[in-house]
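# Secondary and tertiary structure notes
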Amino acid sequence: CDSCHMQIHNLDQPYPLTGNWLFTRDDNPHNKDTQLDTQSWRIIKAPGTWKRVYEDHARFTVGWYRGEFTFDPALVGKEVVVLIDAFMGRVTVYVDGAEVYKRPGNVNVDRYFSIQPIPVRFVVAQAHQVIAIRVETPIMNGIYQLPFELRRYAPNDSSLAWSQFWGGELRAIISYVALFF
């Protein structure tokens, strides 16, 4: 699988995360652990649907993605961003077993658009890290579209700002204009 060992040499350009990822529907809190036997996990294409992963075709609402990353020593200590687009899903991201992101956090006050790519920031703490992504959604479409990438964090990243604007405010504006006319 592509996610079993991703080697990141530099982040001058965003690193695409599309490809085959380890995946399971077993919702076990230990799925985030770095030392985990993943022999029973399936290989799934991400972004993509969960509908044909298991032969029993049973409906399930939680899916876990897992990737192992090896970073160049020059990237250790640098802040990075993973962009994940999980349409309308509750998403929790773990790096080396520690939670680094949860959507929604506090549903009453955290504003988000469900169709925006989620920017998940973390610091590369060591050369080898495990990223686990838990997606809970009733429509079985976990990570469902691009952008799905790892990029260097920049305080004024115009392409990230555009992705956020396109997935949120611009779509809302277009909807209001269409409704008005």
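Scope of this entry: the structure provided in the associated data block. (Residues numbered from 1 in each chain as written. Predicted model: local features only at pLDDT ≥ 70, side-chain atom pairs only at ≥ 80, totals over all residues. Heavy atoms only, no water.)

## Here we look at the overall build of the protein
Helix and strand counts for the protein stand at two helices and 11 strands. Order of helices (α) and strands (β) in the protein, N terminus to C terminus: β-β-β-β-β-β-β-β-β-β-β-α-α. Computed over the C-alpha atoms, the radius of gyration of the protein is 17 Å, within 12% of the 16 Å expected from 2.2 N^0.38 for a compact globule of 181 residues. In terms of its C-alpha atoms, the protein occupies a principal-axis envelope of roughly 55 × 45 × 30 Å. A burial count over the protein gives 40% of its 181 residues as buried. When the accessible surface of the protein is totalled, it reaches about 9,900 Å², and 54% of it is carbon and sulfur. In the protein, 18 positive and 19 negative side-chain charges are present, and the distance between their average locations comes to 6 Å. (Helix = DSSP H or I, 4+ residues; strand = E, 2+ residues; numbered from the N terminus. Rg over C-alpha atoms; globule rule 2.2 N^0.38 Å. Buried < 20%, exposed > 50% of the residue type's maximum accessible area, 1.4 Å probe, protein only. Areas by Shrake-Rupley, 256 points an atom, 1.4 Å probe, with all protein chains shown as cover. Lys, Arg positive; Asp, Glu negative; His and termini not counted. Charge placed at Lys NZ, Arg CZ, Asp CG, Glu CD.)

## A look at the environment of Val 93
By secondary structure assignment, the location of Val 93 is in strand S7 (residues 90-95). Overall, the relative accessible area of 3% leaves Val 93 in the buried class. In this structure the C-alpha to C-alpha distance between Val 93 and Phe 69, which are 24 residues apart in sequence, comes to 14 Å. With sequence-adjacent residues up to four places away left out, Val 93 is seen in contact with Ile 84, Ala 98, Glu 99, Val 100, Tyr 101, Val 120, Ile 131, Ala 132 and Ile 133. (Contact = heavy atoms within 4.5 Å.)

## A closer look at the sheet that holds strand S11 (residues 149-152)
Taken in spatial order, the four strands make up an open sheet running S2-S11-S6-S9, and their pairing is antiparallel. Taken across any chain shown, the strands that pair with only one partner, and hence form the sheet edges, are strand S2 (15-16) and strand S9 (118-123). Where strand S6 (residues 79-84) lies against S11, four bridges are found, and the strand directions are antiparallel. Within the sheet, the bridge partner assigned to Val 80 lies in S11 and is Arg 152. (Pairing = 2+ DSSP bridges.)

## Side note on the pairing of S11
Here two bridges tie S2 to S11, and the two strands are oriented antiparallel to one another. Considered in S11, the bridge of Pro 16 is made with Glu 149.

## Considerations on the packing of aromatic side chains
Here the structure, examined in full by the defined rule, presents 10 aromatic pairs. Seen in terms of ring centroids, Trp 21 and Phe 148 are 5.4 Å apart; in terms of plane orientation they differ by 40 degrees. Their pairing is tilted. Placement of the pair is Trp 21 in strand S3 (residues 19-24) and Phe 148 in the loop between strand S10 (128-136) and S11, with a sequence separation of 127 residues. Among the aromatic residues, ring-to-ring pairing joins Phe 23, Trp 50, Tyr 54, Phe 60 and Tyr 65 into one connected group. (Phe/Tyr/Trp six-rings, centres within 6.5 Å; stacked < 30°, edge-to-face > 60°.)

## Concerning the side chain of Arg 134
One can find Arg 134 in strand S10. In terms of polar contacts, Arg 134 uses its side chain to reach the side chain of Asp 27, at 2.8 Å. Those residues in contact with Arg 134 that lie beyond four places of it in its chain are Asp 27, Val 62, Gly 63, Trp 64, Arg 90, Val 91 and Thr 92. (Polar contact = N/O pair within 3.5 Å; in protein donor to acceptor, adjacent residues only side chain to side chain.)

## With respect to the pattern of salt bridges
All told, the structure shown has eight salt bridges when counted by the stated rule. When the shortest N-O distance is used, the salt bridge between Arg 42 and Glu 55 registers 3.3 Å. Of this pair, Arg 42 sits in strand S4 (residues 42-46) while Glu 55 is found in the loop between S4 and strand S5 (62-71), placing the two residues 13 residues apart along the sequence. One salt bridge in this structure joins Arg 151 and Glu 149, with 2.3 Å as the shortest N-O distance. The exposure classification of Arg 151 matches that of Glu 149, with both residues buried. Taken together, the salt bridges that share partners define one network made up of Asp 27, Arg 134 and Glu 136. (Salt bridge = Lys/Arg side-chain N within 4 Å of Asp/Glu carboxyl O.)

## With respect to the nonpolar core
The biggest cluster of nonpolar side chains holds 34 residues, and the ones touching the most others in it are Trp 21, Tyr 65, Phe 69, Ile 133 and Leu 150. Elements supplying a minimum of two residues to this core: strand S1 (6-8), S3, S4, S5, S6, S7, S9 and S10. Those residues in contact with Leu 150, other than ones at most four positions away along the chain, are Ile 8, Leu 11, Pro 14, Tyr 15, Leu 17, Phe 69, Phe 71, Val 80, Val 81 and Val 82. Listed in part, the six residues of the second largest apolar core include Trp 41, Val 62, Trp 64 and Tyr 94. (Core = buried A, V, L, I, M, F, W, Y, C linked by side-chain atoms within 4.5 Å.)

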